[in-house]
Amino acid sequence: EQAMAKDNVLVVGKSGKGKSTLSEILTGVTGLVGKRRTESCTDRVTGYDADPFRIFDTPGFGDSEGRDADFIKALFSSLKLLTDGLVVVFYVKNALDRLDDAELKNLQLLSEMFDDRLSHHLVIVLTHADLLEQEDGEEGLKETIADHQEHLELPVLPFYGRGAKVSTAASE
């Protein structure tokens, strides 16, 4: 019930790609990211108030303990509550990683959960954009964004990490 009182933002993606870090930054809540990077730090869908939104941090696909089936069930149950008040789904992906079959499978699964309504809400967030920009320059980052937009036909935003910025370079 409380989830419907605010506009909802769902943060999803593969394990270890920056979902909890993005959730921390969006909400101002600390301690969501675990100290050990070898273990999954989110084991259930959890909502955090960040007026005027409610941010939902989710377990990652492909977590270190092989709990995908459990997480997918939990995510599906949560989506039933969120659909009417859903503003955006941030699919978090490391900018340094290739767009692979696992990512495409995850996006297809999300699309099926939303009965094809996902395209109206989904934004790809590329974490570690600062590192990609350091390695390949601004043009390399723009090329990566364009490649993702072309293949996925979705908006793509680079995310530069803590204390940095979320860029609008995707719209340039």
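Residues numbered from 1 in each chain as written. Predicted model: local features only at pLDDT ≥ 70, side-chain atom pairs only at ≥ 80, totals over all residues. Heavy atoms only, no water.

1. Focus on the sheet that holds strand β4 (residues 86-94)
Our working rule: Strand pairing requires that DSSP identify at least two bridges connecting the strands. Only DSSP runs of H or I covering at least 4 residues are called helices, and only runs of E covering at least 2 are called strands; the numbering of each starts at the N terminus. Axis definition: a line fit to C-alpha positions, over the contact stretch in the case of helices; interaxial angles, taken between N-to-C directions, run 0 to 180 degrees.
Reading across from one edge, β2-β3-β1-β4-β5-β6 is the order of the six strands in this open sheet, with mixed pairing throughout. The open sheet has two free edges, formed respectively by β2 (46-50) and β6 (156-158), since each of these has just one partner strand. Here the average twist between neighbouring strands, direction ignored, is 25 degrees. In this structure, strand β5 (residues 122-127) lies alongside β6, joined through three bridges in parallel fashion.

2. A closer look at the pattern of salt bridges
Selection rule: One side-chain nitrogen of Lys or Arg within 4 Å of one carboxyl oxygen of Asp or Glu is enough to make a salt bridge. When accessible area is computed with a 1.4 Å probe and restricted to protein chains, residues below 20% of their type maximum are described as buried, those above 50% as exposed, and intermediate ones as partly exposed.
In the structure shown here, the tally under the stated rule is four salt bridges. With a closest N to O distance of 2.9 Å, R54 and D49 form a salt bridge. Between E138 and K142 there is a salt bridge, and its shortest N-O distance comes to 3.4 Å. Remark: K142 and E138 occur in helix α4 (residues 129-152); sequence separation between them is four residues, near one turn of the helix. You can call E138 partly exposed: its relative accessible area is 46%.

3. Structural notes on the confidence of the model for the protein chain
So the rule is basically this: Each residue gets a pLDDT score, which is the predictor's confidence in that residue and runs from 0 to 100. Here, residues are in contact when the closest pair of their heavy atoms is within 4.5 Å.
Overall, the prediction assigns the protein chain a mean pLDDT of 78, with 76% of residues at 70 or greater. For the protein chain, per-element mean pLDDT is lowest for helix α2 (residues 68-82), which scores 71, and highest for β6, which scores 93. Confidence over residues 168-172 falls short of pLDDT 50; this stretch has eight contacts with residues more than four positions distant or in other chains.

4. A few points about the environment of K19
Mapped onto the elements of the fold, K19 is located in helix α1 (residues 19-27). According to the relative accessible area criterion, K19 is buried, its value standing at 6%. Separated by 39 residues in sequence, K19 and T58 place their C-alpha atoms 7.5 Å apart. With near-sequence residues (within four places) excluded, K19 lies in contact with V11, V12, G13, K14, D57, T58, P59, G60 and V92.

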